[in-house]
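Survey of secondary and tertiary structure
So the chains spell out like this:
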Amino acid sequence: QVQLVESGGGLVQAGGSLRLSCGASGSIFAINSMGWYRPAPGKERDLVAIIMSGGTTKYADSVKGRFTISRDAAKNTAYLQMNRLTPEDTALYYCYVDYLELDRLVYNRWGQGMQVTVSS
């Protein structure tokens, strides 16, 4: 069983910053990718940022240049630094992890979500 522990959401004024973290623990052999998603018009969850095992990152166009995803591979933890936040960034942010368990099969898991609210 794999658990995700999320932290870092909250309320911030426009132009401010927040950092989300997501740690995975349990029967993990290796992590393929970790990232965050948030709801978008017409989509239950849309990609915000993701980081692959090799360090490659991908961002939604709307957050490029403002958000930075990073990871601590030894701790199976990813971080999302969010700068220059705008009210449009207000959402429930869901951590996502794609991993191999000890049986070498691929699984994925979603976090419960962290609320980010940006006031104007």
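The text that follows walks through the structure, step by step, so that each part is easy to find. Just so it is clear, the model here is predicted, and its values are computed rather than measured.

1. Re the pairing of strand β8 (residues 77-82)
Judged by how many residues are buried, β8 sits mostly within the fold: five of six residues are covered. Pairing of strand β3 (residues 18-26) with β8 involves six bridges; the strand directions are antiparallel. Among the inter-strand pairings, Arg19 is bridged to a residue of β8, identified as Gln81. In this sheet, β8 lies alongside strand β7 (residues 67-72) in antiparallel orientation, the contact comprising six bridges. Along β8, the bridge assignment pairs Ile69 with Leu80. Hairpin remark: β7 followed by β8, antiparallel, with four residues in the connecting loop; positive phi at Asn76, about 50°.

2. Looking at the nonpolar core
With 31 residues, the main nonpolar core has Trp36, Leu80, Met82 and Tyr93 as its most contacted residues. Counting only elements with at least two residues in this core, the list comes to β1 (2-7), β3, β4 (28-40), β5 (43-52), β7, β8, β9 (91-101) and β11 (114-119).

3. Concerning the pattern of salt bridges
Taken as a whole and judged by the stated rule, the model has four salt bridges. Across the pair Asp61 and Lys64 runs a salt bridge, and its minimum N-O distance is 3.1 Å. Accessibility expressed as a relative area gives 65% for Asp61, which makes it exposed. In this structure, Arg66 and Asp89 form a salt bridge, with 2.7 Å as the shortest nitrogen-oxygen distance. Of this pair, Arg66 sits in the loop between β6 (57-59) and β7 while Asp89 is found in the loop between β8 and β9, placing the two residues 23 residues apart along the sequence.

4. Notes on the environment of Glu44
Topologically, Glu44 is positioned in strand β5. Overall, Glu44 belongs to the exposed group, its relative accessible area being 65%. Among residues more than four places away in sequence, those in contact with Glu44 are Arg38 and Pro39.

5. A short note on the state of the cysteines
Summed over the entire model, instances satisfying the criterion amount to one disulfide. Across a sulfur-sulfur distance of 1.9 Å, Cys22 and Cys95 are joined as a disulfide pair. Here the S-S torsion is close to -85°, and the disulfide linking Cys22 with Cys95 is therefore left-handed. Remark: Cys95 occurs in strand β9 and Cys22 occurs in strand β3; sequence separation between them is 73 residues. For the pair Cys22 and Cys95, a shared accessibility class is recorded, and that class is buried.

6. Quick word on the sheet that holds β3
Taken in spatial order, the four strands make up an open sheet running β1-β3-β8-β7, and their pairing is antiparallel. If you trace the sheet from one side to the other, it starts and ends with β1 and β7, each paired once. Strand-to-strand, the axes of this sheet are offset by a mean angle of 15°, without reference to chain direction.

Cut-off values and rules
- Residues numbered from 1 in each chain as written.
- Predicted model: local features only at pLDDT ≥ 70, side-chain atom pairs only at ≥ 80, totals over all residues.
- Heavy atoms only, no water.
- Buried < 20%, exposed > 50% of the residue type's maximum accessible area, 1.4 Å probe, protein only.
- Helix = DSSP H or I, 4+ residues; strand = E, 2+ residues; numbered from the N terminus.
- Pairing = 2+ DSSP bridges.
- Core = buried A, V, L, I, M, F, W, Y, C linked by side-chain atoms within 4.5 Å.
- Salt bridge = Lys/Arg side-chain N within 4 Å of Asp/Glu carboxyl O.
- Contact = heavy atoms within 4.5 Å.
- Disulfide = S-S within 2.5 Å.
- Axes fitted to C-alpha atoms, helices over the stretch in contact; angles between N-to-C directions.

Honestly, that's just the spatial picture; any functional story needs more than this.
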